[in-house]
Amino acid sequence: MDLIESLFRGLNESAGINLTILYDPFDRARFWAGFLMTVYLAATSVVASVMLGVLGAAAQKSPVAPLRWLTDGYVAFFRNTPPLVQMYFFFFGLGSITPTVPDDLGFPTPLIGNVAWAIVALALFAGAFNVEIFRSGIEAVPQGTAEAATALGLSRLQSYRLVVLPLAFRICLPALNNNLVNLVKTTTLAYAIGVPEMLYVSNQIWSDALNVPEMMTTLLILYIGLVTLLVWAMHRWERAMRLPGFGER
Amino acid sequence: MTRAPDGKAAGFALLLVVAGSAWAQAAAPAADGALTALIRWAPLIGQGFVLNVLISVIAMAVGTLLGLFLGLGQVAPSRWVARPAVAATQFFRNAPWLVLLFYCIFILPFRITLFGTTVDVPNWLRATAGLTLPVMANVSEIVRGAVQSVPSGQWEGAASLALSRRKTLWLVILPQCLKRMLPPWMNLYAILLMSTPLASIVGVEEALTMTRNALGAERRSELLIPFYGALLVAFFCACWPIALATRRLEAYAARERTG
């Protein structure tokens, strides 16, 4: 550790490349916390948005008409409005009418903090795309498969959960993959409502250490690394879950 | 395969927002209602929205031009052209838009001296450059996909007519690609237009900044929901028709393919 610290301290003195996050303990700690926050935002909103997608796709097939309209309206609206404005709408708009609780010092603090609003906004935004993705996957499952499930005595819910959904999931994995990559990139928007994720702490660090080019480059490399990791994992998963008899090879 | 989205859905979404603002207005104890305040500020926010559209049009035009050449570079027969083009495309496609925006805002010069005259580069123009990069990379992928989807018989046919590679591309391949590229290109424009509010984070005075300024001047918390809601509706009205047209084109292309 000392070796790395002295190495990058030396790099700053000799070459002027000032990577404080590698030799300054304070900057390293907050950058690490920011990185973890980005991973946390990405992981929670990925899970929540996939669940929203599954539920929404089921609701679109529901026999209850208002439920179908509600889902269609949700999908249309959230797909066609800017995610940043959505986040402002949630955090500043809806945040202004949610109840507050007194904190340790007695100041009123909102019950739902900025991190929670960020996750809600991200999940709803990506969820709207996921609904469409799962819908197209479900539509690609041959009708006969669902009929065969019914013939085996499965209920509507059972055939959806046990037969149609597992098949649909495999069919729409590539599209889902794409959307989840977008979601990881969209977590940067939480910056705008003050969530201390990677971009936000980088901004703090370059304001203190005046090392904008170094931090920007670090950020780009780390985000591309995160996305590459996700793409790699999803590709492996795609291959492991590949349906025999579908697609090439 | 996509089902035509019914107007009911859009109507329902709009109804939700209108009901929300009506509720906020009813709850407002202030002198004038939310709607009056909204109408008072609409011209200013509208000016900001014009800047959003301007940024998106410039970024789309420049990004498409650069992306076309980058995409053709990706399918170039020479490895020395193709590899860097693929790398650049993947890099700018996988980087978050906001980080690229910050990059351009901080790295690009705020003042350029050309032939002795000094020109200030406005903030919004640098933001436009920041949005151009991801557009370029996405167009590059669209072009690559379209070129590769043209049957190889077309290449062979052009070769038998003794066309050079350049002539084959411009006279035979690209004209056939146009129809395939149009729906994803329109989709990309809608995504770009929805990304222009990012410029407000780096201080460009577009619609979201104007809305925040208006809210700051009013200092009334009951206006937050109607104002941000109205901005969402404004963007929805701009992007929804594009989405509808894209779907119609896609359905048309699918029908044509199946014959």
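A word on the packing of helix H5 (residues 83–93) of chain A against helix H9 (residues 224–258) of chain B
Orientation of H5(A) relative to H9(B), taken along the N-to-C sense of each, is 165°, at an axis distance of 9 Å. What the angle tells us is that H5(A) and H9(B) run roughly antiparallel. As for how H5(A) packs across H9(B), the hand of that crossing is left-handed. Facing H5(A), whose interface residues are A:Val85, A:Gln86, A:Tyr88, A:Phe89, A:Phe92 and A:Gly93, H9(B) presents B:Leu224, B:Ile225, B:Tyr228, B:Gly229, B:Leu231, B:Leu232 and B:Phe235. Partitioned by chemical class, the residues of the contact of H5(A) with H9(B) number 10 nonpolar, three polar and no charged.

Observations regarding the confidence of the model for chain B
Residues and elements named next belong to chain B. Looking at chain B, the pLDDT average stands at 86 and 88% of residues meet or exceed 70. Mean pLDDT in chain B bottoms out at helix H1 (residues 7–27), which sits at 61, and peaks at helix H2 (residues 34–74), which reaches 94. Interface confidence for the predicted complex, expressed as ipTM, amounts to 0.83; the pTM equals 0.85.

A word on the interface of chain A and chain B
Think of interface size as the accessible area that goes away when the parts come together; that is how it is often given. On the side of chain B, 39 residues touch chain A, which itself brings 36 residues to the contact. Listing elements by their share of the side of chain A that touches chain B, those giving two or more residues are helix H4 (65–79), H5, helix H6 (114–140) and helix H11 (212–240) of chain A. Among the elements that make up the side of chain A that touches chain B, the one with the highest residue count is H11(A) (eight residues). In terms of residue class, the side of chain A that touches chain B is built from 24 nonpolar, eight polar and four charged.

Digging into the confidence of the model for chain A
Per-residue confidence for chain A gives a mean pLDDT of 88, with 98% of residues at or over 70. Per-residue pLDDT, averaged within each element of chain A, yields its smallest value for strand S2 (residues 108–110) of chain A (75) and its largest for H4(A) (94).

Rules of the game
- Residues numbered from 1 in each chain as written.
- Chains lettered and ligands numbered in written order.
- Predicted model: local features only at pLDDT ≥ 70, side-chain atom pairs only at ≥ 80, totals over all residues.
- Axes fitted to C-alpha atoms, helices over the stretch in contact; angles between N-to-C directions.
- Helix = DSSP H or I, 4+ residues; strand = E, 2+ residues; numbered from the N terminus.
- Parallel < 35°, antiparallel > 145°, perpendicular 65-115°, else oblique.
- Left-handed = near helix turned anticlockwise from the far one by under 90°.
- Contact = placed C-beta atoms within 7 Å.
- Nonpolar A, V, L, I, M, F, W, Y, C, P; charged D, E, K, R; others polar.
- pLDDT = per-residue confidence, 0-100.

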